[in-house]
Amino acid sequence: MVMTPRQRKLALTAHVTASAGWLGAVAVFLALAVAGLTGQDAQTARSAYVAMDLIGWFVIVPLCFASLLTGVVSSLGTTWGLLRYYWVVVKLVITVLSTVVLLVHMQPVRHIAGVAAGADWSGGELEGLRTQLVIQSGAAVLVLLVATALSVYKPQGRTRYGLRKQHAQRTASQVTGATAPARARENTTAP
């Protein structure tokens, strides 16, 4: 699939927007997890966990899938390719694993939000799970920062597939380049 320059810019804009939004939403999620764990009154903790559930399902999960989809589309439509460079493959693996972990992680978030919304929430319940949410959210921010750094620095190194594609392109351009003058001579000579 070859994209026009305008399509590439649109795909890249969509990918950067989704990825930056995902990172920002996870940072907000982390702030709420810290507020829920360290908040001095039950109402603060209750509000934080209910908000985390909403942000998780209606902001983070959609942005996660949007980042994955737009990243695949962008890579397929550019010379970077999906499997040609190690940095793209690593970023793809990070994104897929982060998506799976996020979906698993959202189940405890849903549980704690349900408990926090209950009438008998005092703010001291589920301390282990509340601490886990802070740790996992912090780890998610770090992982997304690594993916961002890979996008910016683009460490060199082609995969085996990328090397084969590069070799095939060189061979094709050499064959095309060598036969082009012969074809030009054939077209200019009169019978």
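The shown structure was predicted, so the numbers you read here are calculated from the model rather than taken from an experiment.

Colleague: Quick rundown of the overall build of the protein? Include the residues and the values.
Modeller: What the protein contains, in helices and strands, is five helices and zero strands. At 24 Å, the protein has a C-alpha radius of gyration far larger than the 16 Å of a compact globule built from 191 residues. Dimensions of the protein, computed from C-alpha atoms along their principal axes, come out at roughly 95 × 30 × 20 Å. Every one of the 191 residues in the protein was classed for burial, and the buried ones make up 32%.

Colleague: Tell me about the side chain of Thr95, and name the residues and values.
Modeller: Mapped onto the fold, Thr95 is located in helix H3 (residues 86-117). Residue class for Thr95 comes out buried when judged on its relative accessible area of 9%. Once residues lying within four places of it in the same chain are set aside, the contact partners of Thr95 are Trp22 and Leu68.

Colleague: Pulling in residues and values, what's your account of the pattern of salt bridges?
Modeller: Proximity of charged atoms lets side chains of opposite charge pair with each other. Using the criterion set out here, one finds one salt bridge in the structure. Asp53 serves as the salt-bridge partner of Arg110, at 3.2 Å between the closest nitrogen and oxygen. Taken as a pair, Arg110 in helix H3 and Asp53 in helix H2 (residues 42-76) lie far apart in primary sequence, 57 residues in all. You can call Arg110 partly exposed: its relative accessible area is 42%.

About the cut-offs
- Residues numbered from 1 in each chain as written.
- Predicted model: local features only at pLDDT ≥ 70, side-chain atom pairs only at ≥ 80, totals over all residues.
- Heavy atoms only, no water.
- Helix = DSSP H or I, 4+ residues; strand = E, 2+ residues; numbered from the N terminus.
- Rg over C-alpha atoms; globule rule 2.2 N^0.38 Å.
- Buried < 20%, exposed > 50% of the residue type's maximum accessible area, 1.4 Å probe, protein only.
- Contact = heavy atoms within 4.5 Å.
- Salt bridge = Lys/Arg side-chain N within 4 Å of Asp/Glu carboxyl O.

Purely geometric numbers; function is a separate question.
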